[in-house]
Amino acid sequence: MTDRPLVLGIETSCDETGVGLVRGGTLIADALASSVDEHARYGGVVPEIAARAHLEAMVPTIERALDRAGLRHRDVDAVAVTAGPGLAGALLVGVAAAKAYALALGVPLHGVHHLAAHVAVDTLEHGPLPRPSVALLVSGGHSSLLLVPDLATEPVVPLGATVDDAAGEAYDKVARLLGMPFPGGPPIDAAAREGRADIAFPRAKAGDGTFDFSFSGLKTAVARWVEARQRSGEPVPVADVAASFQEAVADVLTAKAVAACRAQGVDTLVIGGGVAANSRLRALAALRCEAAGIQLRVPRPGLCTDNGAMVAALGSLRVEAGVAPSPWDLPATSTLPL
Ligand code: KG4
Ligand code: ZN
């Protein structure tokens, strides 16, 4: 085991400073610092605040991960880092730190794609990914369906994406209009458990034959519904609104993910991203995948949200596949294509 390379992974694309240590497909340790509380009063992530928080958290978070693993800097054999997409200033801190550590330790540097890393993290829990697989990635910043050939050596192919808001962004906006805190996913998920999904909110782009999503009309429909209630002086049934909104999101996401697997002739679906922590999405995906004969793989919630283990996981796959390292002038690219 110890003869396989130890990969240090660094993730700073949004508001989480994530550090992970992976050796041969096994997560050795990880550590996370989050600036989410600093963004809460703005209702969304403020890029400059996130970048400064990464700068302060970087070294202590790396030290924490190494301490937890009982390892030292010189045990690291390669450094992997999210090169994009994400917030430019935030990415820059991670990429600069990764270069500094790799240079100082005399080990190779691997820039990785954030979305591919979200898929790769599943291999830490469920082993090698069948080739090809389909991945549904849903978070505050992205909602995509991807065809995943070989994670280490072949590029991931986009099948569809949101044309407006990301799924998590819709959760955050709807939570705000229901008077719930940011990030909105967890409180909506909790409220929905007490409610009935009996309000017919729209399922945009359902059955349109594409693998694209749209959530901004749904958010507007929820806002209109709530406003109409308030105007008529009736109480807003918050739990029912949350459950109905959540059902609409989970319905389109899972229907399109299953349709994408069928269209590609693929029998493995991986779900990742912060919204993959959603209880209804997980339950509905399990039901529909079972009915369609598709094997569903969802990492535990802590690995679904942004973290360093996912970057180390993809870095480890690349290193072990003998992929050439990134150049030392690796840029941080906020719009990095797949
Ligand atoms: O992957 P992530 O940590 O960060 C990025 O956006 O890249 O995802 C955060 C998003 C937020 O929008 C949050 O509201 C959502 O994931 N989220 C959830 C749940 N937990 C987090 N959405 C629905 N249900 C949840 N249980
Ligand atoms: Zn993410």
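Residues numbered from 1 in each chain as written. Chains lettered and ligands numbered in written order. Predicted model: local features only at pLDDT ≥ 70, side-chain atom pairs only at ≥ 80, totals over all residues. Heavy atoms only, no water.

Colleague: Lay out the coordination of the zinc ion (ligand 2) in plain terms, naming residues and giving numbers.
Modeller: At this site the zinc ion (ligand 2) is bound by His-114 (NE2), His-118 (NE2), His-142 (NE2) and Asp-306 (OD), with donor distances of 2.1 to 2.8 Å. Classification of the site at the zinc ion (ligand 2) rests on its four donor atoms, whose angles at the metal span 85 to 167 degrees, yielding the label irregular. For the zinc ion (ligand 2), the single-chain donor residues occur in sequence as H-x3-H-x23-H-x163-D. Here Asp-306 lies in the loop between α11 (301-304) and α12 (308-320) and His-114 lies in helix α4 (residues 114-120), a separation of 192 residues in the sequence. The exposure class assigned to His-114 is buried, which follows from its relative accessible area of 2%. A residue is classified by how much of its surface remains accessible, and Asp-306, at 12% relative accessible area, is buried. (Donors = N, O, S within 2.8 Å, 3.2 Å for Na, K, Ca; no water. Tetrahedral: all angles 85-135°; square planar, octahedral: opposite > 155°, others 65-115°. Helix = DSSP H or I, 4+ residues; strand = E, 2+ residues; numbered from the N terminus. Buried < 20%, exposed > 50% of the residue type's maximum accessible area, 1.4 Å probe, protein only.)

Colleague: So, helix α7 (residues 185-192): which residues are in play, and what are the values?
Modeller: Taken residue by residue, α7 has Ile-188, Asp-189, Ala-191 and Ala-192 as its buried positions. Buried residues of α7 fall within an arc of 165 degrees about the axis and therefore sit on the same side. Buried residues along α7 sit in contact with α6 (167-177), α9 (238-264) and α10 (279-292). (Arc of directions from axis to C-beta. Contact = heavy atoms within 4.5 Å.)

Colleague: How would you sum up the packing of α9 against α10? Please name residues and give values.
Modeller: It is the contact of α9 with α10, at a shortest axis distance of 9 Å, that shows an interaxial angle of 35 degrees. Judged by the twist between their axes, the crossing of α9 over α10 is right-handed. Taking contact as the criterion, the partners of Gln-246, Glu-247, Ala-250, Asp-251, Leu-253, Thr-254, Ala-255, Val-258 and Arg-262 in α9 are, on α10, Ser-279, Arg-280, Leu-281, Leu-284, Ala-285, Arg-288, Cys-289 and Ala-292. Tallied by class, the residues present in the contact of α9 with α10 amount to nine nonpolar, three polar and five charged. (Axes fitted to C-alpha atoms, helices over the stretch in contact; angles between N-to-C directions. Left-handed = near helix turned anticlockwise from the far one by under 90°. Nonpolar A, V, L, I, M, F, W, Y, C, P; charged D, E, K, R; others polar.)

Colleague: Before we move on, could you go through the site of ligand 1 and cite the residues and values that matter?
Modeller: Around ligand 1 lies a shell of 20 residues, among which Gly-140, Asp-172, Gly-185, Asp-189 and Asn-278 are the nearest. Take Gly-168: an N or O atom from its main chain is 3.1 Å from an oxygen atom of ligand 1. Taking Asn-278, its side chain carries an N or O atom lying 2.9 Å from a nitrogen atom of ligand 1. Relative to its unbound accessible area of 560 Å², ligand 1 is 89% covered by the protein chains. Listed by contribution, the elements that provide at least two residues to the shell around ligand 1 are α6 and α7. Looking at the shell around ligand 1 residue by residue, the classes come out as five nonpolar, 11 polar and four charged. (Near = heavy atom within 4 Å. Polar contact = N/O pair within 3.5 Å; in protein donor to acceptor, adjacent residues only side chain to side chain. Areas by Shrake-Rupley, 256 points an atom, 1.4 Å probe, with all protein chains shown as cover.)

Colleague: How would you summarise unusual backbone geometry if you had to cite specific residues and measurements?
Modeller: Put simply, Gly-84 and Pro-85 share a cis peptide bond, and its omega is -10 degrees. Residue position: Pro-85 is located in the loop between β4 (78-84) and α3 (88-105). Cis geometry is found at the peptide bond from Arg-131 to Pro-132, where omega equals -10 degrees. Note on placement: Pro-132 falls in the loop between α5 (122-126) and β6 (133-138). A positive phi is found at Lys-205, a non-glycine position, where the angle reads about 65 degrees.

Colleague: Provide a residue-level description of the packing of aromatic side chains, including the pertinent values.
Modeller: Under the criterion given, the structure shown has three aromatic pairs. A centroid spacing of 4.9 Å and a plane angle of 75 degrees characterise the contact between Tyr-171 and Phe-245, whose relative ring orientation is edge-to-face. One end of the pair, Tyr-171, is in helix α6; the other, Phe-245, is in helix α9, with 74 residues separating them in the sequence. Judged by its relative accessible area of 0%, Phe-245 falls in the buried class. (Phe/Tyr/Trp six-rings, centres within 6.5 Å; stacked < 30°, edge-to-face > 60°.)

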